[in-house]
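Structural characterization, general
Okay, here's what each chain looks like letter by letter:
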Amino acid sequence: MITFDDVVKVYPGGSTAVDHLSVELPTGKLTALVGPSGCGKTTSLRMINRMVAPTAGRILIDGRDVAGQDEATLRRGIGYVIQHAGLFPHRTVLDNVATVPVLVGKTRREARKSALELLERVGLSEEFAKRYPAQLSGGQQQRVGVARALAADPPVMLMDEPFSAVDPVVREQLHREFLRLQQELGKTIAMVTHDIDEAIKLGDMVAIFRQGGVLAQFGTPQELLAKPADDFVAEFVGRDRGLRSLSFDSAADLTVRPYTADIAYEGSFTKADSLRLVIDLAIRSPKGIAVRLGADGEPDGYVTHHDVADHLAGRQP
Ligand code: ADP
Ligand code: MG
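Conventions adopted
Residues numbered from 1 in each chain as written. Chains lettered and ligands numbered in written order. Predicted model: local features only at pLDDT ≥ 70, side-chain atom pairs only at ≥ 80, totals over all residues. Heavy atoms only, no water. Helix = DSSP H or I, 4+ residues; strand = E, 2+ residues; numbered from the N terminus. Buried < 20%, exposed > 50% of the residue type's maximum accessible area, 1.4 Å probe, protein only. Near = heavy atom within 4 Å. Polar contact = N/O pair within 3.5 Å; in protein donor to acceptor, adjacent residues only side chain to side chain. Areas by Shrake-Rupley, 256 points an atom, 1.4 Å probe, with all protein chains shown as cover. Nonpolar A, V, L, I, M, F, W, Y, C, P; charged D, E, K, R; others polar. Salt bridge = Lys/Arg side-chain N within 4 Å of Asp/Glu carboxyl O. Expected span 1.5 Å × (residues − 1). Arc of directions from axis to C-beta. Contact = heavy atoms within 4.5 Å. Axes fitted to C-alpha atoms, helices over the stretch in contact; angles between N-to-C directions. Parallel < 35°, antiparallel > 145°, perpendicular 65-115°, else oblique. Left-handed = near helix turned anticlockwise from the far one by under 90°. Pairing = 2+ DSSP bridges.

Okay, the environment of Ser37 next. In this structure, Ser37 sits in the loop between β3 (30–34) and α1 (41–48). On the accessibility criterion, Ser37 (66% relative accessible area) is exposed. A C-alpha to C-alpha distance of 28 Å links Ser37 and Pro154, two positions 117 residues apart in sequence.

Take a look at the structure:
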């Protein structure tokens, strides 16, 4: 758990970057720090590994004040991933990943062996190991950045806009891979992003900041979407937040109409999908319907988008 206890940061001669921040980032979860540019996200992140010193207040990791800890030891337990991956340009991909483990005492041979395994886990085959960062695409560089941060197996990871510099298609792919990896590893992650969709998608918890370094709201994605604390948060999470929140509602108890073989369809869903998907499919299909597939993969019913709306209306308190 990472605890911000009434933390303030005022840069010399500057305005307040972080204004009395108190929040707890749970162990083993990803907390997204999100908000408009200049609202203190990066500053908050860098106070965790002491790259920035707070003006007042304390930051604790598992109850221990970071201020009292040896900087080098502290940082060994904290992986750090930044926007353009920040790789060493004159080292191979393999050595980029193996550098920190060697520094902390692994033999070069051990470090390279586990670096290869890590690269594979982030989706880079052995052929990339010998290349230099400039010989990789942006998305591949980000993968190396993630592998490097994981190399010392730190319990805590700080990620500052890790997926912002790649195109949307690659970003989607990185998101998927990263979620899978995190499910396996269960690191305590603080991730900065300016993209609320990314925060909602990746975050177990989301901290929304406003200008002046003030925490506007902290909660699960669902809580933010369903109960924004104020107009700023409501505006920030977006006008179609009702639709977005459907991503969390399951299609499992949707009542379907009987399927007959003459029904042509394009989109299909299963009970495991979200209502959001069902609505998207139905709205996009020319007939306005989405077909449900049973456990055997065969169609067993269908709904119109009106059915989904009625289903939701029936649920209103
Ligand atoms: P974000 O990551 O949310 O964009 P930052 O934490 O980088 O925000 O910055 C918060 C505020 O602090 C901004 O007003 C920024 O100009 C200011 N700031 C950031 N770093 C420094 C610095 N090293 N010196 C002075 N002011 C800074
Ligand atoms: Mg920033």
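Let us look at the site of ligand 1. Taken together, Tyr11, Ala17, Ser37, Gly38, Cys39, Gly40, Lys41, Thr42 and Thr43 form the complete shell of residues around ligand 1. The side chain of Tyr11 places a nitrogen or oxygen atom 3.4 Å from a nitrogen atom of ligand 1. The contact in question runs from an oxygen atom of ligand 1 to an N or O atom on the backbone of Gly40, over 3.1 Å. Relative to its free-state accessible area of 560 Å², ligand 1 is covered by the protein chains to the extent of 55%. If one sorts the elements of the shell around ligand 1 by residue count, α1 sits on top with three residues. Class assignment for the residues of the shell around ligand 1 results in three nonpolar, five polar and one charged.

Now for the pattern of salt bridges. Under the criterion given, the structure shown has 14 salt bridges. Between Asp95 and Arg112 there is a salt bridge whose closest N-O contact spans 3.0 Å. Pair noted here: Asp95 is in helix α3 (residues 93–103) and Arg112 is in helix α4 (residues 108–121), with a separation of 17 residues, a long-range link. Residue classification places Asp95 among the buried residues on the basis of a relative accessible area of 18%. A relative accessible area of 33% means that Arg112 is categorised as partly exposed. A salt bridge links Glu117 to Lys113; its shortest N-O distance comes to 3.7 Å. A residue pair is termed a helical-turn pair when its members lie 3 or 4 positions apart in one helix, as Glu117 and Lys113 do in helix α4 at four residues. Connected through salt bridges with shared partners, the residues Arg50, Glu71 and Arg75 form a single ionic network.

What follows deals with α4. Between the first and last C-alpha of α4 there are 20 Å, a value that for 14 residues agrees with the 20 Å anticipated at 1.5 Å per step. Every buried residue of α4 is accounted for by Ala111, Ser114, Ala115, Leu118 and Leu119. Buried residues of α4, seen end-on, are gathered within an arc of 150 degrees and therefore sit on one face of the element. Seen from the open side of α4, the exposed residues pointing more than 90 degrees away from its buried face are Arg109, Lys113 and Glu120. The secondary structure elements touched by the buried residues of α4 are α3 and α5 (138–150). Immediately beyond the C-terminal end of α4, within one or two residues, lies Gly123, with a positive phi of roughly 90 degrees.

The interhelical angle for the contact between α3 and α5, taken along N-to-C directions, is 25 degrees, at an axis separation of 7 Å. By the angle class used here, α3 and α5 are roughly parallel. As α3 packs across α5, the resulting crossing turns out to be right-handed. Packed against α3, whose contacting residues are Val93, Asn96 and Val97, the element α5 presents Val144, Ala147 and Arg148 at the interface. Considered class by class, the residues forming the contact of α3 with α5 number four nonpolar, one polar and one charged.

Take the sheet that holds strand β4 (residues 56–61) next. In space, the four strands of this open sheet follow the order β2-β1-β4-β5, with antiparallel pairing throughout. A single partner strand is all that each edge strand has here, and the edge strands are β2 (16–25) and β5 (64–65). Summarising the sheet, strand β1 (residues 2–10) and β2 pair through six bridges and their orientation is antiparallel. Along β2, the bridge assignment pairs Ile2 with Leu25. Relative to β1, α1 is tilted by about 120 degrees, and along the sheet it contacts β1, β2 and β4.

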